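Observations on the three-dimensional arrangement
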Amino acid sequence: MTNLSVNLNKVALLRNSRNFGIPSVIEAASTCIQAGAQGITVHPRPDQRHIKPEDVYELAQILSVEFNIEGNPSPQFLEIIREVKPTQCTLVPDAPDAFTSDHGWDLAANGSWLRPIIQELKDLGVRVSLFMDADLIQIERAKEIGADRIELYTEPYATAFRNGDVEPVFQQYQKAAQKAQEIGLGVNAGHDLNLQNLEKFCSIPGILEVSIGHALIADALDVGLFNAVQEYLRVLGGSIPNV
Ligand code: PXP
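Let us look at the structure shown here. In this text the structure is predicted, and so the values were computed from the model without any measurement.

**Brief notes about helix H5 (residues 107-123)**
Between the first and last C-alpha of H5 there are merely 21 Å, a value that for 17 residues lags more than 12% behind the 24 Å anticipated at 1.5 Å per step. The largest bend in H5 is about 45°, located at Trp113, with the proline Pro116 one to four residues further on. Inspection of H5 places Leu107, Asn110, Gly111, Leu114, Ile117, Ile118 and Leu121 among the buried residues, and these make up the whole buried set. At its buried positions, H5 is contacted by helix H4 (75-84), strand S4 (88-91), strand S5 (127-132) and helix H6 (136-144). Capping of H5 at its N-terminal end is provided by Asp106; its side-chain oxygen lies 3.0 Å from the backbone amide nitrogen of Ala108. The first or second residue beyond H5 is Gly125, which carries a positive phi of 90°.

**Description of the sheet that holds strand S7 (residues 186-190)**
Read around the barrel, eight strands follow the order S1-S2-S3-S4-S5-S6-S7-S8 and close on themselves; strand pairing throughout is parallel. Pairs of neighbouring strands in the sheet enclose a mean axial angle of 25°, with direction left out of account. Inspection of the sheet shows strand S6 (residues 149-153) paired to S7 by five bridges, in the parallel sense. Directly across from Glu151, in S7, lies its bridge partner Asn188. Contacting strand S1 (3-7) and strand S8 (207-212), helix H11 (residues 225-236) crosses the sheet at an angle of about 150° to S1.

**Remarks on the site of the ligand**
Around the ligand sit 15 residues, and of these Ser101, Glu151, Asp192, Gly213 and His214 come closest. Here His43 contributes a side-chain N or O atom positioned 3.2 Å from an oxygen atom of the ligand. Here a nitrogen atom of the ligand sits 2.6 Å away from a polar atom, N or O, in the side chain of Glu151. Summarising the interface, the protein chains cover 95% of the accessible area of the ligand, which totals 390 Å² for the free molecule. Within the shell around the ligand, the residues separate by chemical class into three nonpolar, nine polar and three charged.

**Comments concerning the nonpolar core**
Ranked by internal contacts, the top residues of the largest apolar core, which has 74 residues, are Leu4, Leu91, Leu130, Leu152, Val210, Leu216 and Val229. When sequence neighbours within four positions are dropped, the list of residues in contact with Leu130 reads Leu91, Trp105, Leu107, Ile118, Ala142, Ile145, Ala147, Arg149, Ile150 and Glu151.

**What to know about the packing of aromatic side chains**
The description of an aromatic ring pair uses the distance of the two centres, along with the angle that the planes make with each other. Using the criterion set out here, one finds seven aromatic pairs in the structure. With a centroid separation of 6.0 Å and 50° between ring planes, the pair formed by Tyr157 and Phe161 is classed as tilted. Of this pair, Tyr157 and Phe161 both sit in helix H7 (residues 155-162), separated by four residues, roughly a single helical turn. For Phe161, a relative accessible area of 29% corresponds to the partly exposed category. Site record: aromatic cluster; members linked through ring pairs are Tyr157, Phe161, Phe170, Tyr173 and Phe201. Here the guanidinium or amino end of Lys200 rests over the ring plane of Phe170, the centre of that ring lying 4.2 Å away.

**Focus: unusual backbone geometry**
Cis geometry marks the peptide bond from Ile22 to Pro23, where omega comes out at -5°. Its place among the elements puts Pro23 in the loop between helix H1 (9-15) and helix H2 (25-35). The backbone phi angle of Gln48 is positive, close to 55°, even though this residue is not glycine. Inspection of the secondary structure assignment puts Gln48 in the loop between strand S2 (39-42) and helix H3 (53-62). With phi around 45°, Lys85 is a residue other than glycine that occupies positive phi space. Inspection of the secondary structure puts Lys85 in the loop between H4 and S4. On the accessibility criterion, Lys85 (45% relative accessible area) is partly exposed.

What counts and what doesn't
Residues numbered from 1 in each chain as written. Predicted model: local features only at pLDDT ≥ 70, side-chain atom pairs only at ≥ 80, totals over all residues. Heavy atoms only, no water. Helix = DSSP H or I, 4+ residues; strand = E, 2+ residues; numbered from the N terminus. Expected span 1.5 Å × (residues − 1). Bend = angle between axes of the 7 residues up to and from the residue. Buried < 20%, exposed > 50% of the residue type's maximum accessible area, 1.4 Å probe, protein only. Contact = heavy atoms within 4.5 Å. Polar contact = N/O pair within 3.5 Å; in protein donor to acceptor, adjacent residues only side chain to side chain. Pairing = 2+ DSSP bridges. Axes fitted to C-alpha atoms, helices over the stretch in contact; angles between N-to-C directions. Near = heavy atom within 4 Å. Areas by Shrake-Rupley, 256 points an atom, 1.4 Å probe, with all protein chains shown as cover. Nonpolar A, V, L, I, M, F, W, Y, C, P; charged D, E, K, R; others polar. Core = buried A, V, L, I, M, F, W, Y, C linked by side-chain atoms within 4.5 Å. Phe/Tyr/Trp six-rings, centres within 6.5 Å; stacked < 30°, edge-to-face > 60°. Lys NZ or Arg CZ within 6 Å of the ring centre and 35° of its normal.

As structure tokens, then:
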């Protein structure tokens with residue numbers, strides 16, 4: 001069973017286009033939880049174009065499910081993590097002006113400065129996941145510097161799926177997930193997963209969690225947020241609460 005963590009960035013993006021709090025990120029989180037989502041993900045970026053630090057603090061007050069906070073470990077980001085101590089922190093190598101996360105960590109270049117940060121977060125009781133390409137050598141380095149999990153960056157898989165030539169790319173992800181599990185890393189996944197490509201990806205054994213934002217929020221425009229969450233849960237094969 002793979003857990004679903006709903007990424008609420010796009011709800012905040014819409015909310016930020018007016019000044020009176022609609023749609024509410026907090027209400028959206030409550031709806032996702034009621035529908036059965038096992039987690040909520042946010043990615044507070046330095047330009048605050050979607051999730052703002054206040055959103056993170058407010059969500060931390062109300063969440064009854066896993067809270068996953070993603071971001072590049074800048075001093076401002078780490079301040080939020082120290083205060084909130086979420087269940088999981090996913091460290092992402094985004095440039096401050098990144099349009100969206102578009103690559104995993106190069107740990108040959110970044111491993112030595114990340115290692116003490118990972119240790120500090122683990123000492124706070126926060127599970128640490130690193131956003132990674134499906135690259136076996138980089139995944140070994142993630143283990144060496146102390147990560148608990150990796151989040152596989154699934155955009156290349158999603159693109160190959162859309163283009164009808166997914167098999168070779170899928171096999172690379174299978175190998176990456178297997179390698180990670182063999183060396184004791186938990187495996188999450190995210191980016192551009194949707195109702196079409198999710199089932200195949202999650203046929204890889206042992207995927208612990210998917211974090212999904214863009215496609216799920218787009219689906220919610222058609223069917224409502226509650227129903228959209230439940231459609232994803234159905235694909236993931238978990239239990240769906242009767243409300
Ligand atoms: N994982 C990371 C690290 C991300 O930056 C994002 C996008 O914010 C996602 C997962 C979710 O991607 P999507 O919005 O395409 O579902």
